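An overview of the molecular structure
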Amino acid sequence: MESVTPSNIFKDRGAASSVGRAGQDWKYKFFSYLLLTMISFTMIVPFIWMLSTSFKPEKEILRRNVFPVEPTLENYNEVVYRTDLPLWYKNSFIVAVLSTVSVAFFDALAGFVFAKYEFPGKRPIFILFLTSLMVPTEMLLIPWFIMSSNPPIGGTWVDTYWGIAFPGVITAAGIFLMRQFMQGVPDELLDAGRIDGVSEFGLFWRVAVPLSLPAIGALCIFNFLGNWNAFIWPLIATTRSEMFTLPVGIQQFSSEADTPWNLIMTGASLSVLPLLIVVIIFQRYIIEGIALTGLKG
Amino acid sequence: MRKLLAILALGVIVLSLGAVAGAQDDMVEIEYWQYNFGARVDAMNMLIEQFEAENPGIKVVHNSDIPYADFRTELAASAPAGVGPDVVTLFYGWIPAFVDAGYLVPLPEDPFSEEFILETFSPMVANSKFEGSYWAIPTAVRSLALFWNKDIFEAAGLDPESPPATLDDVVEMALATTVYDGDMQDVLSITQQGHAPALASQDHHWFREVLIRQYGGAPYSDDGRTVTYNSEEGCAAFSWLAAFETEHVTGSNDILDGATNAFVNGESAIHVDGSFRVGTIARNNPDLNYGVAELPVGPNGEQHTFGSYWTHGITRRANDDPARLEAAVKFLQFITTPEAGTLWVNNVGELPAQLSAASDEMILADPILGPFSAGLAYSHATFFVDESAQRQVLIDAFDNIRLGGMDPCEALDEAAALEQELIDNFWADRE
Amino acid sequence: MQRKHTRKSSSFHMTLARKKIVWAYIFLAIPIVFFAYIRIYPTFFAFQMSLHDYNPLAAEQPFVGFENYEKVYEELSKRKSTTKAAFRNTISYVALGVPIQLFLALAIALMLNEIRFMSTLYRILFFLPFVTSTIAIAWVFRMLYQPRFGLFNIILQLLSLPQQPFLTRPQQALPSVLALVIWQGMGFAVIIFLAGLKQIPRTYYEAAEVDGASRWHTFRFITLPLLNPSIVYLLVLQTISFLRMFAPVIAMTEQGRGGPLDSTVTVVLQTYREAFQSFNMGYASSLTVVLFAMILGVTIIQLSVTSRRIN
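Residues numbered from 1 in each chain as written. Chains lettered and ligands numbered in written order. Predicted model: local features only at pLDDT ≥ 70, side-chain atom pairs only at ≥ 80, totals over all residues.

Some details on the overall build of chain B
- Along its length, chain B carries 19 helices and 16 strands.
- In terms of overall dimensions, chain B has C-alpha extents of about 100 × 45 × 40 Å along its principal axes.
- Looking at chain B as a whole, 52% of its 431 residues qualify as buried.
- Partitioning the contacts of chain B with sequence separation of at least 6, the portion at a separation of at least 24 is 73%. (Helix = DSSP H or I, 4+ residues; strand = E, 2+ residues; numbered from the N terminus. Buried ≥ 20, exposed ≤ 12 C-beta atoms within 10 Å, placed from the backbone. Contact = placed C-beta atoms within 7 Å.)

And the structure:
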């Protein structure tokens with residue numbers, strides 16, 4: 001990866017590329033900071049507007065003030081107590097957790113098998129899994145909808161947690177990622193386990209999984225984010241307000257006759273804020289996870 | 001041994017079939033679905049309670065959880081599984097599509113004979129007759145009327161108690177009540193609208209069934225299969241409507257959060273809408289000082305309005321089981337009586353579909369409901385084959401004028417061709 | 001099971017290899033069922049539906065052969081149609097969105113790579129939009145774009161610039177939607193570029209400096225070629241994601257119709273409306289098959305480009 005050279009050891013990364021350019025270097029840095037600050041500003045302005053509007057009383061919405069003149073918590077009160085938003089929260093959370101747990105387990109297990117086992121049909125099965133990556137989910141929405149309304153088990157999957165979550169309980173990309181990672185698990189370790197009488201599942205659970213935790217962690221975070229923000233399938237798979245997820249609920253705030261901007265901004269704030277906090281706490285992990293998963297693909 | 005088992009099994013089957021049949025004799029359960037609209041749900045719950053008291057053998061399961069936007073999707077999700085409603089409430093403009101899919105069955109001649117329907121119900125109900133059968137029957141109907149903001153009228157020096165009576169009045173009063181920010185008299189500078197044409201809400205109906213007729217034209221041929229609004233008269237009517245935005249610059253649906261919201265929020269002087277908007281105002285801006293009047297008369301002195309209704313049909317599912325079908329017909333009969341219509345107007349604010357209830361003196365004298373009710377006598381309901389697509393055609397034509405600078409007659413020609421294609425495709429599939 | 005049992009009694013232990021094979025199948029059983037039933041079967045089902053006049057409300061779904069595809073072709077050959085607009089707009093989103101987004105992200109990544117102080121803060125800020133719900137943030141942008149009471153027009157007024165209609169005019173609507181999508185997805189591309197930049201060996205830059213190469217030359221002849229894997233990866237990924245655009249348009253346009261005058265509608269939005277609002281599921285399926293072909297085309301181009309590079 002990064003080659004070790006004297007300049008690398010003695011100087012920090014930023015300075016490394018700037019030896020002997022001190023003259024123009026400060027100019028370059030100055031403009032970098034200036035531009036980056038300006039762009040950062042455009043990145044946060046929409047969030048500030050969203051929050052600011054969520055504290056505006058209804059009569060101030062159509063006025064031209066950026067910040068509320070008479071700030072109020074009435075919108076939060078209304079959204080929490082007089083809409084189904086708390087239920088949408090619960091639903092989003094349940095769906096995201098369920099599918100993340102399932103993805104972590106099954107993707108890791110399948111990745112482990114493809115990395116560490118030889119068996120007849122391995123290649124065709126792996127290809128079968130990977131081809132599903134080529135098919136856009138949009139093509140499957142209509143078949144899934146028909147399958148959900150008349151499934152082999154259960155009366156209907158429409159308006160159930162399973163119905164919202166089922167397309168994403170195992171992912172091909174995750175299996176691929178886990179396979180790459182599990183290939184790094186030393187065979188000697190597994191064989192030693194076998195000699196000690198550890199079961200095959202025990203090898204997965206107690207040897208391979210602990211060694212792959214960083215990758216599993218990254219997979220979990222992305223899967224959780226993806227499910228929390230998922231929109232098109234939950235929109236189709238739910239029809240009753242008490243089963244909506246957050247994005248579906250926010251979309252339904254506006255009706256033919258009415259766009260309650262203050263409530264929409266409040267709902268948006270409530271859906272975005274916890275995620276922002278999580279991201280700020282885990283940012284290093286997430287950013288490294290993206291670089292990791294992204295460059296492998 | 002094997003024979004004995006077979007006989008036993010047969011016996012069990014016969015017995016259980018008997019038990020099922022017996023249970024059905026005792027109690028028939030039917031499902032009724034409508035979309036979630038608070039006042040209508042409450043009114044229907046009252047009707048169901050009365051119905052069940054009168055018919056102890058029938059239980060009606062009322063599903064009203066589904067929001068408007070998802071209602072048809074949910075019906076579609078229930079159909080392949082063979083579940084869903086026995087009686088369903090649909091917008092009248094959707095009926096042809098549901099008939100086309102084989103989802104609805106015709107109303108039985110007994111008790112819903114054509115004679116009975118024609119003499120009992122508002123004439124617009126005939127719109128649900130199609131290929132020789134009636135497919136649905138409503139409890140209540142709605143019509144369009146003119147809303148005006150009395151405070152804005154007063155501030156502009158107009159008489160707050162005289163709403164526009166003619167189309168010329170509308171233009172004049174709209175101009176008098178429009179306020180701009182600064183010197184620029186363009187759409188984006190308007191801070192208070194005189195009148196904003198909004199095809200996406202009710203103005204496409206106003207144009208289709210009212211303005212064209214008032215300019216001496218006709219929107220469709222008598223059998224509803226040919227578009228005729230791309231005439232000289234249609235073009236004059238469309239130009240009149242478009243001029244509010246392009247020429248008089250008294251408003252636009254793009255600003256102030258849409259024409260409907262602008263009126264509800266007290267930022268628009270004149271607005272055409274249905275009786276259902278009364279409830280929106282009561283909820284969102286109860287202090288609004290407004291009045292309701294019959295739609296203004298046109299150049300030919302005629303009065304017209306557009307009528308529409310949510311209407312109840314019987315599904316294929318009910319038809320598959322004689323006991324449920326019988327119960328469904330009974331229920332349908334019960335919720336379309338004049339008594340049901342009266343209960344409806346008192347709780348929902350929609351007008352009774354039955355002639356006897358609609359000509360009620362109390363309703364006509366009501367300052368808000370009266371103008372809508374008066375309109376029932378001269379109302380027209382469009383025969384839509386695909387209401388949302390046909391509406392979109394006119395929205396696009398209007399946008400072509402105001403956004404694309406197209407000539408109104410040309411835009412209307414294009415719309416007529418597109419709408420004709422929709423109608424032709426529908427009938428081509430049927431034949 | 002039967003056979004396994006016999007073997008067990010004859011040789012007492014399965015050989016290790018055999019045991020591993022059995023366990024591999026056991027471990028894969030649920031994923032195989034999942035992929036077969038939830039991924040592969042619906043793919044064929046979609047093809048099959050596209051050959052039927054499929055209406056979920058109807059009792060029967062008549063077979064119509066390639067009629068739906070003929071209809072796609074007919075709609076595309078019309079002077080004006082929503083389907084045609086959907087394809088045209090989708091291509092515009094890709095053609096404008098991908099290069100602009102990658103260009104901005106690369107510029108930001110290059111600047112971020114040069115600085116240390118506050119670089120974590122900047123990275124978090126650029127990354128925040130990417131993790132927020134598209135629907136939520138699209139509604140925020142829809143409000144920002146509003147005439148009169150939207151922030152952008154408030155700012156324009158403060159600067160004494162003319163008010164802009166943004167989402168309400170066909171000429172401005174698509175770029176307005178696109179701006180949101182670029183804004184939201186940029187942080188992801190920045191992170192990928194930064195990771196790519198980190199992998200470039202520092203010795204190359206030092207050699208360039210010794211040779212007295214200018215900043216531009218260093219970028220042109222070292223950074224850009226060595227960043228190629230990241231660029232190709234992002235090109236494909238972002239192209240596919242722009243091809244699949246749906247949520248921003250349904251949230252930002254009047255009643256989710258992709259207007260005004262079909263100026264923002266996308267293939268996926270049109271599919272959704274045909275399938276779930278008009279119940280023309282056969283026709284909608286044929287549209288998704290076309291979308292599938294487009295995405296497959298992009299993927300194949302990617303594979304051929306990457307394999308050529310490896311060779």
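Some remarks on the overall build of chain C
- Across its full length, chain C carries 14 helices and zero strands.
- Secondary structure elements of chain C occur, N-terminal to C-terminal, as α-α-α-α-α-α-α-α-α-α-α-α-α-α.
- Its C-alpha radius of gyration of 26 Å places chain C more than 25% over the 19 Å reference for a compact globule of 311 residues.
- Along the first, second and third principal axes, the C-alpha set of chain C runs to 90 × 65 × 35 Å. (Rg over C-alpha atoms; globule rule 2.2 N^0.38 Å.)

Considering the interface of chain A and chain B
- Taken together, the 14 residues of chain A in the interface contact 18 residues of chain B.
- The element best represented in the side of chain A that touches chain B is helix α7 (residues 137–149) of chain A, accounting for three residues.
- Classifying every residue of the side of chain A that touches chain B gives five nonpolar, seven polar and two charged. (Nonpolar A, V, L, I, M, F, W, Y, C, P; charged D, E, K, R; others polar.)

Things to note about the interface of chain C and chain A
- Contacts between chain C and chain A engage 83 residues on the former and 85 residues on the latter.
- For the side of chain C that touches chain A, the element with the highest residue contribution is helix α2 (residues 16–49) of chain C, accounting for 20 residues.

Some thoughts on the pairing of strand β11 (residues 268–274) of chain B
Residues and elements named next belong to chain B.
- The element β11 is extensively covered by neighbouring structure, given that seven of its seven residues are classed as buried.
- By the bridge criterion, five bridges tie strand β8 (residues 140–149) to β11 in an arrangement that is antiparallel. Each bridged residue has a counterpart across the sheet, and for W148 the counterpart in β11 is I270.
- With two bridges joining them, strand β10 (residues 190–195) and β11 adopt parallel strand pairing. Its bridge partner lying in β11, Q193 is registered against S268. (Pairing = 2+ DSSP bridges.)

Notes on the domain arrangement of chain C
- When its domains are assigned, chain C resolves into domain 1 (2–49) and domain 2 (69–310).
- Computed from C-alpha coordinates alone, the two centres of domain 1 of chain C and domain 2 of chain C are separated by 41 Å. (Domains from an automatic or database assignment.)

Side note on the domain arrangement of chain B
Residues and elements named next belong to chain B.
- Per the domain assignment, the segments of chain B are domain 1 (29–142 + 308–380) and domain 2 (143–307 + 385–430).
- If you average the C-alpha positions of domain 1 and of domain 2, the two centres end up 29 Å apart.
- Each partner contributes residues to the interface: domain 1 has 24 residues there, and domain 2 has 24 residues.
- For the side of domain 1 that touches domain 2, the secondary-structure elements that each account for two or more residues are α4 (95–100), β8, α17 (369–375) and β16 (379–380).

A few points about unusual backbone geometry
- Backbone torsion omega between D110(B) and P111(B) reads 10 degrees, so that peptide bond is classified as cis.
- Mapping P111(B) onto the fold places it in the loop between β4 (104–105) and α5 (114–120).
- The phi torsion at E131(B) lies on the positive side, around 55 degrees, for a residue other than glycine.
- If you trace the backbone, E131(B) turns up in the loop between β5 (129–130) and β6 (133–134).
- A positive phi angle, close to 60 degrees, is found at S160(C), a residue other than glycine.
- According to the C-beta neighbour criterion, S160(C) is exposed, with 6 such atoms within 10 Å.

Details of the pairing of strand β14 (residues 310–315) of chain B
All names here are of chain B.
- Of all six residues that make up β14, six are buried, and the element is covered over most of its length.
- One ladder, built from two bridges, connects β4 with β14; its direction is antiparallel. Bridging across to β14, L104 finds its partner in T315.

Describing the environment of W139(C)
- Checked against the element boundaries, W139(C) lands in helix α6 (residues 134–144).
- Residues W139(C) and S176(C), spaced 37 residues apart in sequence, show a C-alpha to C-alpha distance of 13 Å.
- Look past the residues within four positions of W139(C) in its chain and what remains in contact with it is I250(A), I264(A), A268(A) and A251(C).

Regarding the nonpolar core
- Grouped together as the largest cluster of nonpolar side chains are 289 residues, with contacts concentrated most on I30(B), F331(B), W139(C), V140(C) and V190(C).
- At 16 residues, the largest contribution of residues to this core is made by helix α8 (residues 170–198) of chain C.
- Beyond its immediate sequence surroundings of up to four residues, I30(B) is in contact with I58(B), V60(B), D86(B), V87(B), A318(B), R324(B), A327(B), A328(B) and F331(B). (Core = buried A, V, L, I, M, F, W, Y, C linked by C-beta atoms within 7 Å.)

Details of the environment of L227(C)
Residue and element names in this part refer to chain C.
- Mapping L227 onto the fold places it in the loop between α10 (215–226) and α11 (228–243).
- Residue class for L227 comes out buried when judged on the 21 C-beta atoms lying within 10 Å of it.
- Along the backbone, L227 and F193 are 34 residues apart, and their C-alpha atoms lie at a distance of 7.6 Å.
- Residue contacts for L227: discarding those within four places in its chain leaves F193, G196 and L197.

Some details on α2(C)
All names here are of chain C.
- Along its 34 residues, α2 runs 47 Å from first to last C-alpha, staying within 8% of the 50 Å computed at 1.5 Å per residue.
- At L28, α2 shows its maximal kink, close to 45 degrees; a proline, P31, follows between one and four residues later.
- If you check which residues of α2 are buried, you get A24, F27, L28, P31, F34, F35, R39, P42, A46 and M49. (Expected span 1.5 Å × (residues − 1). Bend = angle between axes of the 7 residues up to and from the residue.)

Quick look at the environment of V88(B)
Residues and elements named next belong to chain B.
- Inspection of the secondary structure assignment puts V88 in strand β3 (residues 87–91).
- V88 sits 227 residues away from T315 along the chain, and the two C-alpha atoms are 7.3 Å apart.
- With near-sequence residues (within four places) excluded, V88 lies in contact with W33, L75, G313 and T315.

Description of the packing of helix α5 (residues 85–116) of chain A against helix α12 (residues 213–229) of chain A
Residue and element names in this part refer to chain A.
- As a packed pair, α5 and α12 sit with axes 9 Å apart at the nearest point and diverge in direction by 145 degrees. The element α5 and its partner α12 pack so that their crossing is right-handed. On α12, the residues that touch S92, V95, A96, S99, T100, V103, A104, D107 and A108 of α5 are I216, L219, C220, N223, F224, N227 and W228.
- Looking at the contact of α5 with α12 residue by residue, the class counts come to ten nonpolar, five polar and one charged. (Axes fitted to C-alpha atoms, helices over the stretch in contact; angles between N-to-C directions. Left-handed = near helix turned anticlockwise from the far one by under 90°.)

Some details on the confidence of the model for chain C
All names here are of chain C.
- Looking at chain C as a whole, its pLDDT mean stands at 87, while 94% of the residues score no less than 70.
- When pLDDT is averaged over each helix and strand of chain C, the minimum, 46, is found for helix α1 (residues 2–11) and the maximum, 95, for α6.
- Counting interchain partners and residues more than four positions distant, the pLDDT-below-50 stretch residues 1–12 has two contacts.
- Across the predicted assembly, pTM comes out at 0.86 and ipTM at 0.87. (pLDDT = per-residue confidence, 0-100.)

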